[in-house]
Amino acid sequence: MASRGEFSSRTAFILAASGSAIGLGNIWGFPIKVASNGGGAFVFTYIILTFLLAYPILMAELVIGRHAKADTVKSMAKISSDKTRWLGMSTGYWGMLTASLILSFYAIIAGWMVAHALGSLLSVAGVSESWFVSDSLARSAVFCVIFFVLTISVVANGVSSGIEKWSTRLMPILILIIVLLIIYIATLPGAAEGWKVYLQPDFSKVTDPSLVLDALSQAFFSLSLGVGTMMVYGSYISKSENLPRLGAAVAAMDIGIAVLAGMLVIPAIYVAQHNGVVIYDDAGNLIESTGLIFNVLPALFNTMGAAGGIVSILFFVLMSIAALTSSISMLEVPVAYATDSHDVPRAKAAWLVGIAILVFSILLVLNMSWLFGKVVNFATEFSEPLIGILFCFFVGWVWRRDQLLGELQEGNPQMQETLFWKIWPNYVRFVCPAIVLALLIRSSGLLNF
Ligand code: PFF
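Here the structure is a predicted model, which is why all the values come from computation and not from measurement.

**A few points about the packing of helix H3 (residues 40–68) against helix H10 (residues 209–222)**
Working step 1: Relative to each other, H3 and H10 sit at 50°, their axes nearing to 8 Å. As the angle between them shows, H3 and H10 are arranged oblique. Seen along the crossing, H3 lies across H10 with a hand that is right-handed. Residue-level inspection shows Ala41, Phe42, Thr45, Tyr46, Leu49, Thr50, Leu53, Ala54 and Ile57 of H3 in contact with H10, the latter providing Leu211, Val212, Asp214, Ala215, Leu216, Gln218, Ala219, Phe220 and Ser222.
Working step 2: For the contact of H3 with H10, a count of residues per class yields 13 nonpolar, four polar and one charged.

See below:
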């Protein structure tokens, strides 16, 4: 078997896993869900659900991965009993398929971000940018290919000289850009209104089922759960690390950046409104999400005079970086399978698998109107939570408890005395699957409660 990679340090893992977690979901999805779900009430529910549901499942993935030190299919087989091996392996395959599906639509949106970044650059240079910033089939296809080439090139280089190197370089830049933009936007007229909406929770909305569901799927997607990404990244963590602590650091980074992104995007929306940009449709609802990012924000940047060009470049470069550190983690799931289970050399695996998913992305571009939404919903609202439940089932019911404890003790010999060990195993056994299942049934409309 080809030798497997490993993250060179704790910080490298935290940055790479946070890089996976922090993406369009945080900087685009989160603020928009906040804006359309009662401001601070959504932020509150999201943070609670991340700690109560997403963190325990993140831990399940990390522990399985680090124990097996293999791709998702082999890892799930390793913790299964004889009778459940088929189900374990199927879960691994299903995760791989879901990661590939998510990459197929994610790369299209990421391509638009890159196109807008280049477009803003051209416009600052005085060259016409209209092809780059207006919607067309050709533009979507060209930038999707470009984004795939970037993603594949990083993954082809392996864990430490590809994924780790680029995640550790890009993540600090990303944080710096967000902070600079927050400070600048906060100084503009209209921003205060946005801050008010963001920070004052309307608690009457916290019990609204659609808000809770939105917050749950956001928490799953945002922590990259239910596809095996975190399992594969977990398989590259050294045995000497204390897993619960690493997982908590990643969850905290993910929440932190989502909250920061809200401080940028929500005030920006209100500054745009102050400047005369339309942000609500005729029915009084916030205009849909693609419109907000690709029309409202550019319209805002246009009203800012000379600074607008620079702000626009920074914003779309930020989006592109966030998307890239996430997309590499999605591609890593099937690539790890090809290298671990079939001994395909890494670079070859990255290009072969990457091109196959790219072909599907192009199909999506060509059938955007009817296929895109279906793929997004299937992957994020159905597959991710169900696979999350299966991971809980395996950790809570199938995997031998002594082996599970043994794995956690690797990085912390006192594990058995910790609060984490006293609560978490039974929590993933009963509570997590029950709540996720209940919410899933509720959202499918099968039961009304
Ligand atoms: N967590 C990423 C985001 O918030 O944009 C999306 C994501 C990355 C989902 C990796 C799934 C995945 F495997």
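Let us keep going from here.
**Examining the site of the ligand**
Working step 1: Every one of the 15 residues lining the ligand counts as a neighbour, but Ala21, Gly25, Tyr106, Phe221 and Thr229 are closest to it.
Working step 2: One nitrogen or oxygen atom from the main chain of Ala21 is found 2.9 Å from a nitrogen atom belonging to the ligand.
Working step 3: In the model, a nitrogen atom of the ligand is placed 3.1 Å from a nitrogen or oxygen of the Ser224 side chain.
Working step 4: Its free accessible area being 340 Å², the ligand has 100% of it covered by the protein chains.
Working step 5: Those elements that provide at least two residues to the shell around the ligand are helix H1 (10–21), helix H2 (24–36), H10 and helix H14 (306–342).

**Re helix H7 (residues 137–156)**
Working step 1: A rise of 1.5 Å per residue sets the reference length of H7, with its 20 residues, at 28 Å; its end C-alpha atoms lie 28 Å apart and thus fit the reference within 8%.
Working step 2: Looking at the packing, one finds that the buried side of H7 touches helix H5 (85–124), helix H6 (130–133), helix H8 (159–186), H14 and helix H15 (346–366).
Working step 3: Just downstream of H7 lies Gly158, where phi reads positive at about 95°.

**Topic: the layout of surface pockets**
Working step 1: When its volume is computed, the largest pocket comes out at roughly 790 Å³.
Working step 2: Considering the residues around the largest pocket, the lining is formed by 26 residues, among which Trp28, Gly29, Lys33, Ser289 and Val376 are closest to the centre.
Working step 3: Sorting elements by how many residues they give to the lining of the largest pocket places H2 first, with seven residues.

**Things to note about the packing of H7 against H15**
Working step 1: The geometry of H7 relative to H15 is characterised by a closest axis approach of 9 Å and an angle of 160° between their N-to-C directions. When the axis of H7 is compared with that of H15, the two are roughly antiparallel. Relative to H15, the crossing made by H7 is right-handed. Facing Leu137, Ser140, Ala141, Cys144, Val145, Phe148, Val149, Ile152, Ser153, Val155 and Ala156 of H7, the residues of H15 in contact are Arg346, Ala347, Ala350, Trp351, Gly354, Ile355, Ile357, Leu358, Ser361, Ile362, Val365 and Leu366.
Working step 2: Residue classes in the contact of H7 with H15 are distributed as 18 nonpolar, four polar and one charged.

**Quick look at a nonpolar patch on the surface**
Working step 1: A cluster of nonpolar side chains, Val145, Val149, Trp351, Ile355 and Val359, forms an exposed patch at the surface whose accessible area comes to about 400 Å².
Working step 2: When residues of the nonpolar patch are traced back to their parent elements, those giving at least two are H7 and H15.
Working step 3: The element contributing the most residues to the nonpolar patch is H15, with three residues.
Working step 4: Locating Trp351 in the fold gives a position in helix H15.

**Considerations on the packing of aromatic side chains**
Each aromatic ring pair is summarised here by two numbers: the centre-to-centre distance and the angle between the ring planes.
Working step 1: If you walk through the whole model with that rule in mind, you get 25 aromatic pairs.
Working step 2: Here Phe44 and Phe203 contribute two aromatic rings whose centre-to-centre distance is 5.2 Å and whose plane-to-plane angle is 90°, an arrangement assigned as edge-to-face. In this pair, Phe44 is assigned in helix H3 and Phe203 in the loop between helix H9 (191–199) and H10, connecting sequence segments 159 residues apart.
Working step 3: Residue Phe44 is classed as partly exposed on the basis of its relative accessible area of 38%.
Working step 4: A relative accessible area of 48% means that Phe203 is categorised as partly exposed.
Working step 5: Between Phe315 and Phe316 the ring centres are 5.1 Å apart and the planes differ by 85°, which places this aromatic pair in the edge-to-face class.

Cut-offs and rules
- Residues numbered from 1 in each chain as written.
- Predicted model: local features only at pLDDT ≥ 70, side-chain atom pairs only at ≥ 80, totals over all residues.
- Heavy atoms only, no water.
- Axes fitted to C-alpha atoms, helices over the stretch in contact; angles between N-to-C directions.
- Helix = DSSP H or I, 4+ residues; strand = E, 2+ residues; numbered from the N terminus.
- Parallel < 35°, antiparallel > 145°, perpendicular 65-115°, else oblique.
- Left-handed = near helix turned anticlockwise from the far one by under 90°.
- Contact = heavy atoms within 4.5 Å.
- Nonpolar A, V, L, I, M, F, W, Y, C, P; charged D, E, K, R; others polar.
- Near = heavy atom within 4 Å.
- Polar contact = N/O pair within 3.5 Å; in protein donor to acceptor, adjacent residues only side chain to side chain.
- Areas by Shrake-Rupley, 256 points an atom, 1.4 Å probe, with all protein chains shown as cover.
- Expected span 1.5 Å × (residues − 1).
- 1 Å grid on protein atoms, 1.4 Å probe; cavity = no way out; pocket = protein on both sides within 12 Å on 5 of 7 lines; lining within 4 Å.
- Points joined across faces, edges and corners; volume = space filled by probe spheres on them.
- Patch = residues over 30% accessible without salt bridge, like charges linked within 9 Å, V, L, I, M, F, W, Y side chains within 5 Å.
- Salt bridge = Lys/Arg side-chain N within 4 Å of Asp/Glu carboxyl O.
- Phe/Tyr/Trp six-rings, centres within 6.5 Å; stacked < 30°, edge-to-face > 60°.
- Buried < 20%, exposed > 50% of the residue type's maximum accessible area, 1.4 Å probe, protein only.

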